[in-house]
Amino acid sequence: DTGVSQDPRHKITKRGQNVTFRCDPISEHNRLYWYRQTLGQGPEFLTYFQNEAQLEKSRLLSDRFSAERPKGSFSTLEIQRTEQGDSAMYLCASSWTGVLTEAFFGQGTRLTVV
Amino acid sequence: TQLLEQSPQFLSIQEGENLTVYCNSSSVFSSLQWYRQEPGEGPVLLVTVVTGGEVKKLKRLTFQFGDARKDSSLHITAAQPGDTGLYLCAGGDNNNDMRFGAGTRLTVKP
């Protein structure tokens, strides 16, 4: 399977704990995106990378959130001191830079903060 | 910031009916994508439109990109229960991130 993969698929954590999610993009894609999606809504942009450079961060991404893509391949999204409002589906997508900005998504990580 | 508005937000129809959903923006996009998402899964790409006025067909689905590349529509003919899902449009620019609309949640009843 050469699609986008995310790990874990589900995560339940207690409020105040730190969590880290991983995304492995399609290998030839140089762009990687993180989105957050709550029930009944479309994906909300969090941040994206072109290779290892983080080019844009949404204002939704508070200082408790940090994302890295150290070698321009896989990426991690860490949430520190989780809050109940962080409960959501976290989606990762990758694409190739060009006129056709077609993003392909992983299956997401469902985070539940209790 | 590119803002994409999708309408209607919810649509419930009977099997066999036709429907159209819309995606509108004040921004011009170099390309626009339509995705379908099922509960608990990531969005799956259906189509990309690039040229103003472009029409693409995917079986019973017809996608149109507006002449000014600011809006798009998705028309489904003879809807089936398997078409049920959240339909998302997303606008991209090769210099910017991709932004999504809030989606149209379609339910097709048998």
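Criteria and thresholds
- Residues numbered from 1 in each chain as written.
- Chains lettered and ligands numbered in written order.
- Predicted model: local features only at pLDDT ≥ 70, side-chain atom pairs only at ≥ 80, totals over all residues.
- Heavy atoms only, no water.
- Disulfide = S-S within 2.5 Å.
- Helix = DSSP H or I, 4+ residues; strand = E, 2+ residues; numbered from the N terminus.
- Buried < 20%, exposed > 50% of the residue type's maximum accessible area, 1.4 Å probe, protein only.
- Contact = heavy atoms within 4.5 Å.
- Salt bridge = Lys/Arg side-chain N within 4 Å of Asp/Glu carboxyl O.
- Polar contact = N/O pair within 3.5 Å; in protein donor to acceptor, adjacent residues only side chain to side chain.
- Nonpolar A, V, L, I, M, F, W, Y, C, P; charged D, E, K, R; others polar.
- Pairing = 2+ DSSP bridges.
- Axes fitted to C-alpha atoms, helices over the stretch in contact; angles between N-to-C directions.
- Core = buried A, V, L, I, M, F, W, Y, C linked by side-chain atoms within 4.5 Å.

Looking at the state of the cysteines
Two cysteines form a disulfide when their sulfur atoms are joined by a covalent bond.
Step number 1: Using the criterion set out here, one finds two disulfides over all chains in the structure.
Step number 2: Across the disulfide, A:Cys23 is cross-linked to A:Cys92 (sulfur-sulfur distance 1.8 Å). Across the S-S bond of A:Cys23 and A:Cys92 the torsion is about -65 degrees, and the bridge reads as left-handed. A residue pair is termed long-range when its members are at least 10 positions apart, and A:Cys23 in strand S3 (residues 19–24) and A:Cys92 in strand S9 (residues 88–95) qualify at 69 residues.
Step number 3: Relative accessible area serves as the criterion here: at 0%, A:Cys92 is assigned to the buried category.
Step number 4: Two residues share a disulfide in this structure: B:Cys23 and B:Cys89, whose sulfurs sit 2.0 Å from each other. Across the S-S bond linking B:Cys23 and B:Cys89, the dihedral sits near 75 degrees, which makes this disulfide right-handed. With a gap of 66 residues between them, B:Cys23 in strand S3 (residues 19–25) and B:Cys89 in strand S9 (residues 85–92) connect regions that are remote in the sequence. Taken as a pair, B:Cys23 and B:Cys89 share a single burial class, namely buried.

A closer look at the interface of chain A and chain B
Step number 1: Contacts between the two partners involve 25 residues from chain A and, on the opposite side, 26 residues from chain B.
Step number 2: Seen at the junction of chain A and chain B, the total is two salt bridges.
Step number 3: One salt bridge connects B:Arg99 with A:Glu56, and the closest N-O pair in it is separated by 2.8 Å.
Step number 4: Here chain A is connected to chain B by seven residue pairs in polar contact (both at pLDDT 80 or more).
Step number 5: Contributing elements (two or more residues each) for the side of chain A that touches chain B: strand S4 (31–37), strand S5 (44–50), S9 and strand S10 (104–105) of chain A.
Step number 6: Of all the elements, S4(A) adds the most residues to the side of chain A that touches chain B, at four residues.
Step number 7: Here the side of chain A that touches chain B is built from residues that sort into 12 nonpolar, nine polar and four charged.

Let's talk about the sheet that holds strand S7 (residues 65–68) of chain A
Residues and elements named next belong to chain A.
Step number 1: On the basis of which strands lie adjacent, the open sheet formed by four strands has the order S1-S3-S8-S7 and antiparallel pairing. Looking at the sheet topology across the chains shown, the edges are occupied by strand S1 (5–7) and S7. The mean angle between the axes of side-by-side strands here comes to 15 degrees, regardless of whether they run parallel or antiparallel.
Step number 2: Where S3 lies against strand S8 (residues 75–79), five bridges are found, and the strand directions are antiparallel. Note that in S8 the partner of Arg22 across the bridge is Thr76.

Topic: the pairing of S9(B)
Residue and element names in this part refer to chain B.
Step number 1: For S9, a buried count of eight out of eight residues is recorded, marking the element as mostly surrounded by other parts of the structure.
Step number 2: Where strand S4 (residues 31–37) meets S9, seven bridges bridge the pair, whose relative direction is antiparallel. For Trp34, the partnering residue across the bridge sits in S9 and is Cys89.
Step number 3: The pairing of S9 with strand S11 (residues 104–109) spans three bridges and is antiparallel. From the neighbouring strand, Gly85 faces S11, where its bridge partner is Leu106.

Quick look at the environment of A:Lys11
Residues and elements named next belong to chain A.
Step number 1: One can find Lys11 in strand S2 (residues 10–13).
Step number 2: Taking C-alpha positions, Lys11 is 7.2 Å from Thr109, a pair spaced 98 residues apart along the chain.
Step number 3: Discounting residues that sit within four places of it in the chain, Lys11 has contacts with Val19, Phe21, Arg110, Leu111 and Thr112.

Quick word on the nonpolar core
Step number 1: If you look at the biggest cluster of nonpolar residues, it comprises 20 residues, and the most contacted ones within it are B:Leu19, B:Leu32, B:Trp34, B:Leu74, B:Ile76 and B:Leu106.
Step number 2: Those elements that place two or more of their residues in this core are S3, S4, strand S5 (44–49), strand S7 (61–65), strand S8 (71–76), S9 and S11 of chain B.
Step number 3: Once you skip the residues sitting within four places of it in the chain, B:Leu32 turns out to touch B:Leu4, B:Cys23, B:Val47, B:Thr48, B:Val49, B:Phe65, B:Ser72, B:Cys89 and B:Ala90.
Step number 4: One finds A:Val19, A:Cys23, A:Leu61 and A:Ala67 within the second-largest nonpolar core, a separate group that totals 19 residues.

Thoughts on the sheet that holds S8(B)
Residues and elements named next belong to chain B.
Step number 1: If you walk across this open sheet you meet the five strands as S1-S3-S8-S7-S6, and the pairing is antiparallel. The open sheet has two free edges, formed respectively by strand S1 (4–7) and strand S6 (55–58), since each of these has just one partner strand. When strand polarity is set aside, the average angle formed by the axes of neighbouring strands in this sheet is 15 degrees.

Just distances and angles here, no functional claims.
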